[in-house]
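Coordinate inspection notes
As a plain string of letters, each chain reads:
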Amino acid sequence: MSADLYQQALLDLAKAAHGAGALPSPDGSALRDSPLCGDRVRMQVTLADGRVSALAHDVKGCLLCQAAASLLGLYGAGLNPEEVQALRGQVAAALAGAEPPPGWPELSLFEPVRPHRNRHGCVLLPFDALIAAIGESRRG
Amino acid sequence: MSFHPADWRRHFPLLANHPQLHYLDNAATGQLCETAFDAVTLHELTHRANVLRGTYRLAEQADAAYENARRQAAAYLNAANADEVVFTSGTTASINLLAHAFGDGLRPGDEVVLSLAEHHSNFVPWQMLRERRGVTLRFLPLTEDGRIELSCLEEFITPRCRLVSVTHASNVTGAVTGLAPIVAAARAVGARVLVDGAQMVQHGPVDVAALGADFYAFSGHKVFAPNGIGVLWGRAEALAALPPFLGGGGMIGRVTAEETTYAAPPRRFEAGTPPIAQAVGLGAALDWLRAQPWASIHAHTARLAQRLLEELAVLPGLTFLGPRELRDRLPIVAFNLAGIHPHDACQLLDRHGVAVRGGHHCAQPLMDAFGVPGAVRASLAAYNTDEDVDALLAGLKDALGKLR
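Summarised in this report is the structure supplied together with it. (Residues numbered from 1 in each chain as written. Chains lettered and ligands numbered in written order. Predicted model: local features only at pLDDT ≥ 70, side-chain atom pairs only at ≥ 80, totals over all residues. Heavy atoms only, no water.)

**Digging into the packing of aromatic side chains**
Residues and elements named next belong to chain B.
- With the rule as written, the count across this model stands at 13 aromatic pairs over all chains.
- With 5.7 Å between their ring centres and 65° between their planes, F224 and Y383 make a pair best called edge-to-face. Separated by 159 residues along the polypeptide, F224 in the loop between β7 (215-219) and β8 (230-234) and Y383 in the loop between β15 (375-379) and α15 (386-403) bring together distant segments of the chain.
- The buried category is assigned to Y383, whose relative accessible area is 0%. (Phe/Tyr/Trp six-rings, centres within 6.5 Å; stacked < 30°, edge-to-face > 60°. Helix = DSSP H or I, 4+ residues; strand = E, 2+ residues; numbered from the N terminus. Buried < 20%, exposed > 50% of the residue type's maximum accessible area, 1.4 Å probe, protein only.)

**A short note on the pairing of strand β3 (residues 111-115) of chain B**
Residues and elements named next belong to chain B.
- In terms of burial, β3 is largely enclosed, as five of its five residues are buried.
- Pairing geometry for β3 and strand β4 (residues 136-140), over five bridges, is parallel. Across the sheet, residue L114 finds its bridge partner in β4, namely F139.
- For the handedness criterion, the β-α-β arrangement of β3, helix α6 (residues 124-133) and β4 is classed as right-handed.
- Here β3 pairs with strand β5 (residues 161-167) via three bridges, running parallel. Bridge pairing in β5 places V112 opposite L163. (Pairing = 2+ DSSP bridges. Right-handed = clockwise from strand over helix to strand, strands pointing away.)

**Focus on helix α3 (residues 81-96) of chain A**
Residues and elements named next belong to chain A.
- An ideal rise of 1.5 Å per residue puts 22 Å on 16 residues; α3 measures up with 23 Å between its terminal C-alpha atoms.
- If you check which residues of α3 are buried, you get P81, V84, L87, V91, A94 and L95. Axial view of α3: buried residues confined to an arc of 140°, hence all on one face.
- Where α3 is buried, its residues meet β2 (40-48), α2 (63-75) and α4 (117-139).
- Within two residues after α3, G97 carries a phi angle of roughly 125°, on the positive side. (Expected span 1.5 Å × (residues − 1). Arc of directions from axis to C-beta. Contact = heavy atoms within 4.5 Å.)

**Details of the environment of A54 of chain A**
Residue and element names in this part refer to chain A.
- Mapped onto the secondary structure, A54 falls in strand β3 (residues 51-60).
- On a C-alpha basis, the gap between A54 and G76 in space is 7.8 Å, while along the polypeptide they are 22 residues apart.
- With near-sequence residues (within four places) excluded, A54 lies in contact with L23, Q44, V45 and T46.

What follows is the structure, given as structure tokens:
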């Protein structure tokens, strides 16, 4: 059931829109679309010393997508590319039923999404956009 | 025959078994009617065999059932001959078949005319053809309310045009296409016309003879029949002029090590073992539909659609995609609520037992024309009732309170 999907904490996280906007001089930028629903996330990053030093996103998507992007806005800076990739895998696993990774308490907000497989992509889209943006920055 | 939506609802096992379900996603798929279910079951229990191959009695019975389904489909379309009905797996397969069988005969410089209101299934096969053959695609523009613009046909349908492929009715806006001028414009330049009937067929029999088109495509699952079956109707001479698309058993005249000759239509286009039981189910559903009192049904669904249009319009921040009037439109209503994503609205509506679709509806060029990424869509069928509309409206008010 979707009764808990839109809990207040998730709505607040989405509304806070941490990291929303654009960077003045991004090292990498990527646009990712959801083929299922047409949602679109543009993610921009700067990297310093091999880690994300800043990120910004523009989300045309649902509340789940907005909340996931906001979460990355909160905690994404400081991660290295491998950690971002690993985190994406952990989030996907958590959506499939595994325990969420430690250190990201807000990820528990997405637990009610588990039975709604068609919405998993909404949560993962910002992670995919971030990975793609980092990839773009590495290509220089 | 009198019409009562409750009687219809009882004829649909899933709906009869789920009285609290408000199923308003009929543009995506119609529920399976008992007639089709029974026909499929009976066929599989009593006549299951491969077709066009066996000489034993069971195989002959399977042949008869399959060919009877072809006659039933032809009758629903008012086709001149059952051999004008090609069974496919659905509308998408029908259009892809033509994109190959007709499209591969085209050359660079030839033009295929579509509209911006098309489902992806009537976009992508032609874009793929463009990549294969270098043809030019042209897109009929839309009016402000999403109808295909008919005032500029001569500009788009020129002597270079070889095919016009347009929807009979939009799966998003419900707008019914004014086909007569399009067919006339195509005829004037010698172009063929394909009509995507996926949405239209659910709302009563179609008269392809009156439409004047060359090809008509639809899917079984939209007409309360099983998945995995569809129809490509083609005018006899138009089908006869086409080479096969898929090769294999059943579509040949004679095969030698050196060459193959092909069967006449429709079998030329039905390579391999077809979806036999599904065809039988489709035929049964179409026969049942053909006997329904469509004037009464249209009055019923139009009244519900009018209710939707009027009562949605007063919700704060609601905008419609498509015509606001009922003239030349199906009971399909697409809309957006400012500040609420369609997926979030649909998810909350599910809590009210309301099944509606949100997203781009496989019509992203149309969404681009409207300047939105997606929409909520409620699509009505004859079994829908005022209670379904009430539940949708109540659910949307809940969504507004929760999400805005």
